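Descriptive structure summary
The primary structure of each chain is shown beneath.
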Amino acid sequence: MSKITDIVSALAEPICTENGCALWDVEYVREAGQWYLRVYIDKEDGVAISDCEAVSRALDPILDEKDPIPGSYIFEVSSAGAERQLKRPSDFERFMGSFVEVRLYRPKDGRKEYTGNLTAYTDGDVTIDAAGTCMTFEKSEIAVVRLRIC
């Protein structure tokens, strides 16, 4: 499915820029028997519903014309959110020092979730300061890293 998200990202990025937003992420997922195409946007001073509407109205006819997805799907445009997922190296660089939650595929020391301040990101490995204890998680252990609001 990454090809679909790559195609949609290429279509969505200039539209987001034209509307004063930045493209944060695109996901194409199946939930409860339906396919969803979600475009997440970001904006320096926060995303308003009008931003989501503007991007959606501009992108929808382009998706219809280019038709990158076979079959039906539900199309959504929304804010990346305050507790957004960090995926790209640039995401980790931008939010270095921020409070994050690291979720693991398998328990480590009896836990699958850890929170702390992001202190390092190297080749997919994530280091956090959890109440004075530095912990490093290897890329292969990590299911999700997302910002957390305290």
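For the structure itself, look to the data block above.
This report concerns the structure included in the present document. (Residues numbered from 1 in each chain as written. Predicted model: local features only at pLDDT ≥ 70, side-chain atom pairs only at ≥ 80, totals over all residues. Heavy atoms only, no water.)

This part is about the pairing of strand β6 (residues 125-130). Bridge count between strand β5 (residues 111-122) and β6: 5 bridges; the pairing is antiparallel. Within the sheet, the bridge partner assigned to L118 lies in β6 and is I128. Counting the residues in the hairpin turn of β5 and β6 gives 2 residues, including D123, whose phi is positive at 50°. Joining the antiparallel neighbours β6 and strand β7 (residues 133-137) is a turn of 2 residues, in which A131 adopts a positive phi near 55°. (Pairing = 2+ DSSP bridges. Helix = DSSP H or I, 4+ residues; strand = E, 2+ residues; numbered from the N terminus.)

Moving on, we come to unusual backbone geometry. Of note in this structure, D67 is not a glycine but carries a positive phi near 50°. Within the secondary structure layout, D67 lies in the loop between α2 (49-66) and β3 (74-79). At D123, a residue that is not glycine, the phi angle is positive and equals roughly 50°. If you trace the backbone, D123 turns up in the loop between β5 and β6.

With that settled, consider the sheet that holds strand β2 (residues 34-42). Overall, mixed pairing links the 3 strands, which are arranged β1-β2-β3 in an open sheet. Where the open sheet ends on each side, the last strands, each with one partner, are β1 (22-31) and β3. With strand direction ignored, the average angle separating the axes of adjacent strands in the sheet is 20°. Sheet analysis places β2 next to β3, joined by 6 bridges and oriented parallel. Across the sheet, residue R38 finds its bridge partner in β3, namely E76. (Axes fitted to C-alpha atoms, helices over the stretch in contact; angles between N-to-C directions.)

Geometry only, nothing functional implied.
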